[in-house]
Structure formats: C-alpha cells, structure tokens
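Residue-level structural notes
What follows is the residue order along each chain.
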Amino acid sequence: MRYEPLLWIENLQGWYGESHILHGVNLAVPRGQTIAILGRNGVGKTTTLRGIVGLLTRTTGSIRMNGKELIGMPRHRIAYTGIGYVPEERGIYASLSVQENLDLLPKISNRGMSLERIFDLFPNLKERRRAAGGTLSGGEQQMLSIARVLRAGPELLVLDEPTEGLSPVVVQQIGRVLKALKQDGLTMLLVEQNFHFARHLADHFYLMEEGRVVDDFPAYHLEARLETVSSLIGV
Ligand SMILES: Nc1ncnc2c1ncn2[C@@H]1O[C@H](COP(=O)(O)OP(=O)(O)OP(=O)(O)O)[C@@H](O)[C@H]1O
Ligand SMILES: [Mg+2]
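As recorded in an unreviewed UniProt entry, the protein chain goes by ATP-binding cassette domain-containing protein and comes from Microvirga arsenatis.

Dropping the structure here:
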C-alpha cells in the first residue's frame, strides 16, 4: 500500500443519466507530481474529473484516493479524502466579497493555506479583498476559485481548464502560482486545452479519446511524442 499513488483510477466507466460517457479511464497520480489530461473537445476530460468527485449519475470501476475507494462513497464525504476540485465554471458567489468567498468552503484538513500565503500568491486578490465576487475580472475569478480551494486544505488539487478564456498575462500569472504550489509539494491533476501551458507544468501526460485513456507518457518523452500528441489534439 505504501507505494500506491495518491489517486489511482482503474477502468472507470461513467454515465450521465442513460448516456454512457466514460469507457475505461486508467490513470495514476503519484504524490507530489502534476498530471495533465489532454484530448480534443468532448472526449470526457471534464466527465473524468466529475466522476472523481462524485458528480456523475453512475460510475463503475475503481477510484482510490489514499487507498480509500471513492466509488459508492457519498459525494459530501469525497472532499474529506483530501480532494480539492476547481471546476471550469468557477462558482464564485457574486454578492459576497473576495474575503467572504475565501472562507466559504469547509476546511477538509489542517493543511488549509493561511490568508497571508494566499495573498502572497495572489496579490490581486489582496488588493480586491473587499470587492464583491461579481465585480472581478475573469482572471481574478479564476484566481479566487483556486485560492478558496487551497484554503480548504486539499492534498490533491484537481483543475479543469484553469486558463480557459484568460489573457496571456493572466495565464502566465496562473502558471507561476501552479509552479509555486508544485514546488511546495502539492499534487495536482490538470485538464488543459492549452498544451503550451500544460507542457511546462506536468510530469506525466495522459491522452483521452472517446471516453478512454488511449496513451500516457512521462514529460521527458514529450519531445519524442509530439507528433502523436499533435495528431490527437491538434497542436
Ligand atoms: N450533463 C451532461 N449530460 C449528458 N451528456 C453530457 C453532459 N455533460 C457532457 N456530456 C457529454 O459527455 C461527453 C464528454 O464531455 P466532457 O465535458 O467530459 O468533454 P471534455 O473532454 O471536457 O471536452 P471540452 O474540451 O469541450 O471541455 C460529450 O459528448 C458531452 O456531450
Ligand atoms: Mg471539459
């Protein structure tokens, strides 16, 4: 058990209602590493993340976090195994201030990041701490969405397209934050369409097609695999 990855997914199948979307996802997230899932639109990347956090109608196979089986576990308990999920839609409360948004999620461990460290990582949020969530720019909302999950104290940070729709400057800022978190030893699972963003962060890549993981390789094989990757995801 000691050498089991932090998150280990075997033959995950997943459904939205009657629609069978995931047909076999196998994936390992070792402690301290950053894993990226790549794939075209609609192949099931978001669905995989939603399956991990218990948001699908039905899942089969196995998802183990820290050795605990998540399939069949009630949704509200899954976060307490140490998973922090930053969804694509961000989910900021528009009428609450930045500071209030930061303290909204229940603490899932005693690793929760201090406000001081949060504001050190995201200086924009410090400046805007009293502003209402709804008045933030897209980039600030994305930062707040990541920050409040960090505040809860996850052992695994799961991010769905954190750079989507953001300007190059903000993408760079988010890249710097994720690099700092990685240096701190945080484990991350990242879905990203922006391949150039992911390639500077990830230690290992998984490629998905039609609801399945079809290939995976470590970052040091990326150069040799660029052709396969670009034929699959068009970069
Ligand atoms: N709530 C839902 N109900 C039914 N089908 C859904 C639902 N959400 C997504 N799907 C379908 O599941 C499939 C996988 O979608 P998913 O959102 O996981 O793709 P993705 O890889 O994240 O794509 P993108 O790059 O566009 O974000 C698609 O065919 C999509 O139409
Ligand atoms: Mg998606």
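Let us look at the nonpolar core. Within the largest apolar cluster, 45 residues are counted, with the highest numbers of intra-cluster contacts made by Phe 122, Leu 150, Leu 157, Leu 181 and Phe 205. The leading source of residues in this core is helix α7 (residues 168–183), at seven residues. If we ignore the near neighbours within four places in the chain, the residues touching Leu 150 are Gly 112, Met 113, Ile 118, Phe 122, Leu 157, Leu 181 and Leu 186.

Inspection of the entire model under this criterion finds two aromatic pairs. Ring geometry for Phe 195 versus Phe 205: centroids 6.4 Å apart, planes at 50 degrees, classification tilted. Residue Phe 195 is found in helix α8 (residues 195–198), and its partner Phe 205 is found in strand β9 (residues 204–209); the two are separated by 10 residues along the sequence. For Phe 205, a relative accessible area of 0% corresponds to the buried category. With a centroid separation of 5.6 Å and an interplanar angle of 25 degrees, the aromatic rings of Phe 205 and Phe 217 are classed as stacked. Taken together, the positions of Phe 205 in strand β9 and Phe 217 in strand β10 (residues 212–218) put the pair 12 residues apart, joining distant regions of the chain. Here the aromatic residues Phe 195, Phe 205 and Phe 217 are joined through ring pairs into a cluster of three or more. In this structure, Arg 58 packs its charged tip against the face of Trp 15, placed 4.0 Å from the ring centre.

Glancing now at the site of ligand 1. Looking at ligand 1, the residues that line it are Tyr 16, Ile 21, Arg 40, Asn 41, Gly 42, Val 43, Gly 44, Lys 45, Thr 46, Thr 47, Glu 161 and Gln 193. One of the backbone nitrogen or oxygen atoms of Val 43 is found 3.3 Å away from an oxygen atom of ligand 1. In the environment of ligand 1, an oxygen atom lies 3.0 Å from a nitrogen or oxygen atom belonging to the backbone of Gly 44. Residue contributions to the shell around ligand 1 peak at three residues, all from helix α1 (residues 45–52). Each residue belonging to the shell around ligand 1 can be placed in one class, and the counts come to three nonpolar, six polar and three charged.

A few words now on the pairing of strand β4 (residues 58–65). Remark: a regular strand shows side chains that alternate across the two faces of the sheet. Bridge analysis of strand β1 (residues 7–16) against β4 gives seven bridges, and the strand direction is antiparallel. By the bridge assignment for β4, Trp 15 is matched with Arg 58. The pairing of β4 with strand β5 (residues 68–69) spans two bridges and is classified as antiparallel. Considered in β5, the bridge of Met 65 is made with Lys 68. Remark: two residues form the turn of the hairpin made by β4 and β5, two consecutive strands paired antiparallel; Asn 66 in that turn has positive phi of roughly 55 degrees.

What counts, and at which threshold
- The written sequence of each chain sets the order in which its residues are numbered from 1.
- Lettering of chains starts at A and numbering of ligands starts at 1, both following the order in which they are written.
- Per-residue local features are limited, in this predicted model, to residues with pLDDT of at least 70; the limit for side-chain atom pairs, both in listing and counting, is 80 or more; totals at the level of whole chains, interfaces and linings are taken over all residues.
- Note that the side-chain values use all heavy atoms of the structure and ignore hydrogens as well as water.
- We call a set of buried residues a nonpolar core when its members are Ala, Val, Leu, Ile, Met, Phe, Trp, Tyr or Cys and they connect through side-chain atoms within 4.5 Å of each other.
- Note on exposure labels: buried denotes an accessible area under 20% of the residue type's maximum, exposed denotes more than 50%, and partly exposed covers the range between, all computed with a 1.4 Å probe on protein chains only.
- Numbering of helices and strands starts at the N terminus; helices are DSSP runs of H or I of at least 4 residues and strands are runs of E of at least 2.
- Pairs of residues are marked as contacts when any of their non-hydrogen atoms sit within 4.5 Å.
- Think of it this way: a Phe, Tyr or Trp ring, Trp meaning its six-membered ring, pairs with another when their centres are within 6.5 Å, and the plane angle makes it stacked under 30 degrees, edge-to-face over 60, tilted otherwise.
- By the criterion adopted, a ring carries a charge over it if an Arg CZ or a Lys NZ lies within 6 Å of its centre and within 35 degrees of its normal.
- One heavy atom suffices: a residue is near a molecule or strand as soon as one of its heavy atoms comes within 4 Å of it.
- We call two N or O atoms a polar contact when they sit within 3.5 Å, provided that within protein one can donate a hydrogen and the other can accept it, with sequence-adjacent residues counted only if both atoms are side-chain atoms.
- Note on residue classes: Ala, Val, Leu, Ile, Met, Phe, Trp, Tyr, Cys and Pro are nonpolar, Asp, Glu, Lys and Arg are charged, and everything else, Gly too, is polar.
- Being paired, for any two strands, means DSSP has found at least two bridges between them.

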